[in-house]
Amino acid sequence: MEMTKNLARGPVSAQERALAPDLARGFMLLLIAIANTPWYLWGQGGERTSAHPGGGSTLDQITQGLIVTTVDLRVYPMFAFLFGYGVVMLYQRQVASGTSEKAAFRLLQRRNLWLVVFGFVHALLLWFGDILGAYGLVGLILVWLFLRRKNGTLLVWSGIGVVLLLLLTALTLLSAVALSPEEGTVDTFDLYFIIDAANGEPNYFASALARIPFWLMLIAIQGFIGLAVPIAILLGMWAARHRILEQPADHLTLLRIAAIVGIAIGWSGGAVRASAKLGMWEPSELMDGALEMVQLSTGLAGGIGYVALFGLMGHWLRNRTTLGVGGTAVVAVGKRSLSCYLAQSILCAPVLAAWGFGLGEHMHSFTMALYAVAVWVVIGVWAFYLEKKSQRGPFEVVLRRLTYGK
């Protein structure tokens, strides 16, 4: 086919894969499952300014506190970092094998475009919170603007993004502190409306029509307005050029600092948000919105800290003769992250949404988290089976065929 004529090589082989990125993606899918499943808790009633419903048992409250502190808005910057890292790895492998820079660039953009299509179909059929579309769209823009720029340029623009994000966070906090509760009254966006329309709708076709507008809104928020995704992608591109996750032994100091500082910042910001969510103190409506910005900005640091932690784990594990069944399964999930990500929706939406079995109406935070972990374990068993059979994930096969041709 025409798309493969100018390529010197095909997709990456199993032997060429680095351990740390796949290990990080495997664990990341667990965190994504935990972060996504609260959005399936429909029919809870009342206004919800976060995905987590009010009330519940002590276990439910503890579960919410842990998720808000360690998971919410910490996972998709991690995913974005790994996405940017993978973009550069793909590009460098093609160019090193003799593919022209122009052909390798077109290959990347074709892949990003197909990710947008995958995201649209995913949102239409199952899950309005799809992230593939946002990363594909941001990838199209950032690859066009930055792929062949110098390393310093990537860091400068990442720094500009961080400064803008911190300024926006500081402004929202200062406004919340300076204004009185009466002046700071705002019309909050009721997330229950989204949850009920997308997952509490018993008619499947009506729910599909509701999912697409919400998905488009999330693309704008996740991909551009929130700034965390483009910043993380640029940092991932910079890290890939230095092979930080592929050669962690050469970057141990950087990885340790990033892991300790990043996770500490991420958990500290999340703990503040969790304390307000659990009623330990009562923020004004304006302060509640400001805390979401704190959650977002500290989540960027937390997500990168998680990546660094898995880079250190990859360094520790790389000299072991075997990863064991559990480690092999986690890495197998990471190798098939696209298929395993979509499999989560296949196992969640028909079981939890009102148009399916509707179990989301009868669950709360603790039981929902247990379900998320169970889904990840089932997917891990499936990925382990595919690994032993030396088979790729089905959606990886489709994406590679669409990207590379025959």
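Residues numbered from 1 in each chain as written. Predicted model: local features only at pLDDT ≥ 70, side-chain atom pairs only at ≥ 80, totals over all residues. Heavy atoms only, no water.

Caption draft 1: Looking closely at helix α15 (residues 394-404). Within α15 the residues assigned to the buried category are Glu 396, Leu 399, Arg 400, Thr 403 and Tyr 404. Viewed along the axis of α15, the buried residues span an arc of 110°, placing them on a single side of the element. At its buried positions, α15 is contacted by α3 (75-96), α4 (101-125), α12 (324-335) and α13 (337-352). Residue Gly 405 follows α15 closely and has a positive phi angle near 80°. (Buried < 20%, exposed > 50% of the residue type's maximum accessible area, 1.4 Å probe, protein only. Helix = DSSP H or I, 4+ residues; strand = E, 2+ residues; numbered from the N terminus. Arc of directions from axis to C-beta. Contact = heavy atoms within 4.5 Å.)

Caption draft 2: Broad picture of the packing of aromatic side chains. Within this structure, the stated rule accounts for 13 aromatic pairs. Seen in terms of ring centroids, Trp 39 and Phe 128 are 6.0 Å apart; in terms of plane orientation they differ by 80°. Their pairing is edge-to-face. Residue Trp 39 is located in the loop between α1 (19-36) and α2 (58-70), and its partner Phe 128 is located in the loop between α4 and α5 (132-146); the two are separated by 89 residues in the primary sequence. Here Phe 128 falls in the buried class, since its relative accessible area comes to 3%. Geometrically, the ring pair formed by Phe 79 and Tyr 341 is edge-to-face, given 6.4 Å between the ring centres and 70° between the ring planes. Here the residue Phe 79 occupies a position in helix α3, and Tyr 341 occupies one in helix α13, the gap between them amounting to 262 residues. When sorted by exposure, Phe 79 lands in the same class as Tyr 341, which is buried. (Phe/Tyr/Trp six-rings, centres within 6.5 Å; stacked < 30°, edge-to-face > 60°.)

Caption draft 3: Inspection of helix α14 (residues 365-388) at higher detail. Its 24 residues give α14 an end-to-end C-alpha distance of 35 Å, which sits within 8% of 34 Å, the value for a rise of 1.5 Å per residue. Listed in full, the buried residues belonging to α14 are Ser 365, Met 368, Ala 369, Tyr 371, Ala 372, Val 375, Trp 376, Ile 379, Gly 380, Ala 383 and Leu 386. Summarising the contacts, the buried residues of α14 are in contact with α1, α2, α12 and α13. In the stretch just after α14, Ser 390 is the one whose phi turns positive, near 55°. (Expected span 1.5 Å × (residues − 1).)

Caption draft 4: Region of interest: the environment of Gly 161. One can find Gly 161 in helix α6 (residues 151-178). Accessibility expressed as a relative area gives 8% for Gly 161, which makes it buried. Once the C-alpha coordinates of Gly 161 and Leu 227 are considered, the two residues, 66 residues apart in sequence, prove to be 6.6 Å apart. Once you skip the residues sitting within four places of it in the chain, Gly 161 turns out to touch Leu 227 and Ile 231.

Caption draft 5: View of the side chain of Arg 336. Among the secondary structure elements, Arg 336 is positioned in the loop between α12 and α13. For Arg 336, a relative accessible area of 5% puts it in the buried group. Separated by 2.9 Å, the side chains of Arg 336 and Glu 387 make a polar contact. (Polar contact = N/O pair within 3.5 Å; in protein donor to acceptor, adjacent residues only side chain to side chain.)

Caption draft 6: View of the pattern of salt bridges. All chains considered together, the criterion is met by six salt bridges. Of the charged contacts in the structure, one is a salt bridge between Asp 288 and Arg 273, with a shortest N-O distance of 3.4 Å. Here Arg 273 lies in helix α10 (residues 252-277) and Asp 288 lies in helix α11 (residues 285-317), a separation of 15 residues in the sequence. By relative accessible area, which is 16% here, Asp 288 ends up buried. For Arg 273, a relative accessible area of 5% puts it in the buried group. In this structure, the salt-bridge partner of Glu 292 is Arg 273, at a minimum N-O distance of 2.8 Å. A residue pair is termed long-range when its members are at least 10 positions apart, and Glu 292 in helix α11 and Arg 273 in helix α10 qualify at 19 residues. Looking at Glu 292, the relative accessible area reads 30%, which means it is partly exposed. Each of the salt bridges in this network shares a partner with another, and the network as a whole consists of Arg 273, Asp 288 and Glu 292. (Salt bridge = Lys/Arg side-chain N within 4 Å of Asp/Glu carboxyl O.)

Caption draft 7: Main features of the packing of α3 against α4. Here α3 crosses α4 at 145°, and the two axes come no closer than 9 Å. Crossing hand, α3 versus α4: right-handed. The residues of α4 that touch α3, namely those facing Phe 83, Val 87, Leu 90, Tyr 91, Gln 94 and Val 95, are Glu 101, Ala 104, Phe 105, Leu 107, Leu 108, Arg 111, Asn 112 and Leu 115. Looking at the contact of α3 with α4 residue by residue, the classes come out as 10 nonpolar, two polar and two charged. (Axes fitted to C-alpha atoms, helices over the stretch in contact; angles between N-to-C directions. Left-handed = near helix turned anticlockwise from the far one by under 90°. Nonpolar A, V, L, I, M, F, W, Y, C, P; charged D, E, K, R; others polar.)

Caption draft 8: Here's a closer look at the UniProt feature "transmembrane region" (unreviewed entry) in the chain. In the numbering used here, UniProt assigns the "transmembrane region" (unreviewed entry) feature to residues 75-94, 114-147, 154-179, 214-240, 252-276, 296-317, 338-357 and 363-385. Here residues 252-276 is 100% helix and 0% strand, with 36 Å between the C-alpha atoms at its ends. (UniProt positions renumbered as here; feature names shortened; annotations may be inferred.)

Caption draft 9: Broad picture of unusual backbone geometry. The backbone phi angle of Arg 243 is positive, close to 55°, even though this residue is not glycine. Relative to the elements of secondary structure, Arg 243 occurs in the loop between α9 (228-241) and α10. Among the residues examined, Arg 243 registers a relative accessible area of 34% and is labelled partly exposed. Located in the positive-phi region is Ser 390, a residue other than glycine, with phi close to 55°. Mapping Ser 390 onto the fold places it in the loop between α14 and α15. Looking at Ser 390, the relative accessible area reads 68%, which means it is exposed.

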